[in-house]
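Here are the chains, one letter per residue:
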Amino acid sequence: MAEETYLLEMVGIDKQFPGTHALDHVDFNLKKGEIHALIGQNGSGKSTLMNVLSGGLTMDSGHILRNGKPVRITSPTSALDNGIAMIHQELKLFPDLSVAENIFYGQFPQKMGFINWGKLYDMADEAIAMLSPDIRGRQKIRELSIAQQQLVEIVRALVKNTEVVIMDEPTASLTGEETLGLFKVIQRIRDSGVSIIFISHRLDEVLEISDRVTVLRDGVLIGTLERGQITGKDQLVDMMLSVKPAVLLEQEHKELGPVVLETRGLCLDKRLRDVSIQLHQGEVLGIAGLVGAGRTELLKTIFGAYTPEQGEILVRGKACHGLTPARAVKLGIAYLSEDRKGEGLLLKMSVEDNEIYACMERYSRLGILSVARRRKTVEEMRQKLRLKASGPGSLTGSLSGGNQQKVVIAKWLAAHSSIILMDEPTRGIDVGAKSEIYALVRSLAQEGRSIIFVSSELEEVQTVSDRILVMSKGAITKELPMNATVEEMMSYAV
Ligand code: ADP
Ligand code: MG
């Protein structure tokens, strides 16, 4: 039997960005008339691969075949000439022009040297009618919903006789109902023989709509599966993640170490009411509660950013009066702000500078920073935290949320902090990076550090904590053991 010829084949696609190997010799192929999902965690290379295919980026090496013959795609226009159109996450329509003008931009019908508007609107209405009867060619783009604008982009691609439509996270800003509508459209297009590449991180959607699924991880192809080979979501999650959370998160019941941090009757106007807690060495103490329960205030008070009206804070048994953040740092206390961008990181500084920032003193002798010593520390951190950055000089702001969070943690580890206060450390981080952070928190505790872990996601508190305190309206309402259920936590949080 003759080998199957693919509509498109991408072979050995390699792409480096300064400091990141975004695509490591990736192979990807596409059949005519299929819906092919491309999945992977944030930063795994999905957009990069598709930008290469649609002419937005040039690859460093590799080649692309169309119906078995090599093609050169050097720009979005040359991609279109090869029947490939990409619909980006940020739609690229002209908001003040009509739907018709957007669809046929650059190819308006003419009559005696003038644009034939009547014909243009008719053509647009006819083209849209295939997909959505309730959009009119005369409407301005800005009058349409995001979902409708997306349809206009799809129609615009299809009128150019496109064979391949690439959609980058098309459902990210759609409602459930709009998503279903989009899926109907995608299936209709597929049935007319067009191929669709669909980037998504919502696995339910992927399972529902795809004929095949390709998984990337860290710029590497993990595999391509036929619909029939997929056993379920777990299988896809395993392929996407480099760390299996279940293995890493086995909590063991253990003897509590000595108390390293204690608060007695802390009061802070009405935001903290008589808060007394104890944190033991090697313990992850979870603090559950709703937004506004006083959790951030408690952490910031312990860190010396707020001065309590009443009560005291004891570090390793010694009362600390007039605590300031600078003194807290000297006592080995670290604070990971919930506002990572605003407080925790200097996004315009390099990864290395951020990590060293909290412990400048140790690396400077007679006021001169020891470059070799700080490089060594930074390299240790990178390995320990599995930080994905091109190098110590990368701008922190260019990293993914999960990696930025790791830089914050690295900063405090470099400062030899033994008591780490974490405020919503996984907010805005994707699922894979979250489980890496959980694993990291557990391993820090195993090393003997003590952690207070604040999160509004109760499952997460349950996952990482040895012991759980529930806060409500500025007061501790309950202490629960590590196997407490989310319902129990909830009942004391409200
Ligand atoms: P995904 O779409 O799967 O989230 P991307 O393709 O956007 O992943 O990114 C892959 C990797 O390449 C990431 O580490 C990202 O930080 C990096 N990257 C992407 N675009 C650029 C760019 N223009 N400059 C530098 N690095 C980039
Ligand atoms: Mg992307």
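Residues numbered from 1 in each chain as written. Chains lettered and ligands numbered in written order. Predicted model: local features only at pLDDT ≥ 70, side-chain atom pairs only at ≥ 80, totals over all residues. Heavy atoms only, no water.

Once that is clear, we can look at unusual backbone geometry. With a phi close to 50°, Asn-67 is a non-glycine residue in the positive phi region. Within the chain, Glu-169 stands out as a residue other than glycine whose phi angle is a positive 45°. For Glu-169, the position within the fold is in the loop between β9 (164-168) and α6 (176-191). (Helix = DSSP H or I, 4+ residues; strand = E, 2+ residues; numbered from the N terminus.)

Moving on, we get to the packing of helix α5 (residues 146-158) against α6. Two quantities define a packed helix pair, namely the angle between the helix axes and the distance between the axes. Put simply, α5 and α6 touch, their axes get as near as 11 Å, and they point 10° apart. In this view, α5 runs roughly parallel relative to α6, as classed from their interaxial angle. Counting all contacts with α5, which are made through Ala-147, Gln-150, Leu-151, Ile-154 and Leu-158, the residues of α6 involved are Glu-178, Leu-182, Val-185 and Ile-189. Broken down by class, the residue content of the contact of α5 with α6 amounts to seven nonpolar, one polar and one charged. (Axes fitted to C-alpha atoms, helices over the stretch in contact; angles between N-to-C directions. Parallel < 35°, antiparallel > 145°, perpendicular 65-115°, else oblique. Contact = heavy atoms within 4.5 Å. Nonpolar A, V, L, I, M, F, W, Y, C, P; charged D, E, K, R; others polar.)

The subject of this paragraph is the layout of surface pockets. As a volume, the second largest pocket reaches approximately 440 Å³. If you trace the second largest pocket, you find 19 residues lining it, with Pro-76, Leu-80, Met-86, Glu-153 and Arg-156 closest to the centre. When contributions to the lining of the second largest pocket are tallied by element, the ones reaching two or more residues are α2 (76-81), β6 (84-87) and α5. Its residues placed into classes, the lining of the second largest pocket shows ten nonpolar, five polar and four charged. (1 Å grid on protein atoms, 1.4 Å probe; cavity = no way out; pocket = protein on both sides within 12 Å on 5 of 7 lines; lining within 4 Å. Points joined across faces, edges and corners; volume = space filled by probe spheres on them.)

Turning to the site of ligand 1, a few remarks are in order. With respect to spatial proximity, the complete set of residues near ligand 1 consists of Phe-17, Thr-20, Ala-22, Gln-41, Asn-42, Gly-43, Ser-44, Gly-45, Lys-46, Ser-47 and Thr-48. Taking Gly-43, its main chain carries an N or O atom lying 2.6 Å from an oxygen atom of ligand 1. Take Thr-48: an N or O atom from its side chain is 2.5 Å from an oxygen atom of ligand 1. Protein burial of ligand 1: of its 560 Å² of free accessible surface, 63% is covered by the chains. Contributions of two or more residues to the shell around ligand 1 are made by β2 (20-30) and α1 (46-53). A per-class count over the shell around ligand 1 returns two nonpolar, eight polar and one charged. (Near = heavy atom within 4 Å. Polar contact = N/O pair within 3.5 Å; in protein donor to acceptor, adjacent residues only side chain to side chain. Areas by Shrake-Rupley, 256 points an atom, 1.4 Å probe, with all protein chains shown as cover.)

Quick look at the pattern of salt bridges now. The tally for this structure, following the rule as stated, stands at 19 salt bridges. Here Glu-424 ties to Arg-295 by a salt bridge, and the two come within 3.5 Å at their closest N and O atoms. Remark: Arg-295 occurs in helix α10 (residues 295-302) and Glu-424 occurs in the loop between β21 (419-423) and α17 (431-446); sequence separation between them is 129 residues. What makes Arg-295 buried here is its relative accessible area of 5%. With a shortest N-O distance of 3.2 Å, Arg-467 and Glu-479 are connected by a salt bridge. Residue Arg-467 is located in strand β23 (residues 467-472), and its partner Glu-479 is located in strand β24 (residues 475-481); the two are separated by twelve residues in the primary sequence. Among the charged side chains, a network of salt bridges with common partners joins Arg-190, Asp-191 and Asp-211. (Salt bridge = Lys/Arg side-chain N within 4 Å of Asp/Glu carboxyl O. Buried < 20%, exposed > 50% of the residue type's maximum accessible area, 1.4 Å probe, protein only.)

Moving on, we get to the sheet that holds strand β10 (residues 195-199). Spatial ordering of the open sheet is given by β6-β9-β10-β3-β11-β12, a layout of six strands whose pairing is mixed. Each edge of the sheet is formed by a strand with only one pairing partner; in this case those strands are β6 and β12 (220-226). Ignoring strand direction, the axes of neighbouring strands in this sheet form an average angle of 15°. Of the strands in this sheet, β3 (35-39), β9 and β10 are in contact with α6, which crosses β10 at around 145°. (Pairing = 2+ DSSP bridges.)

Geometric values such as these leave the question of function open.
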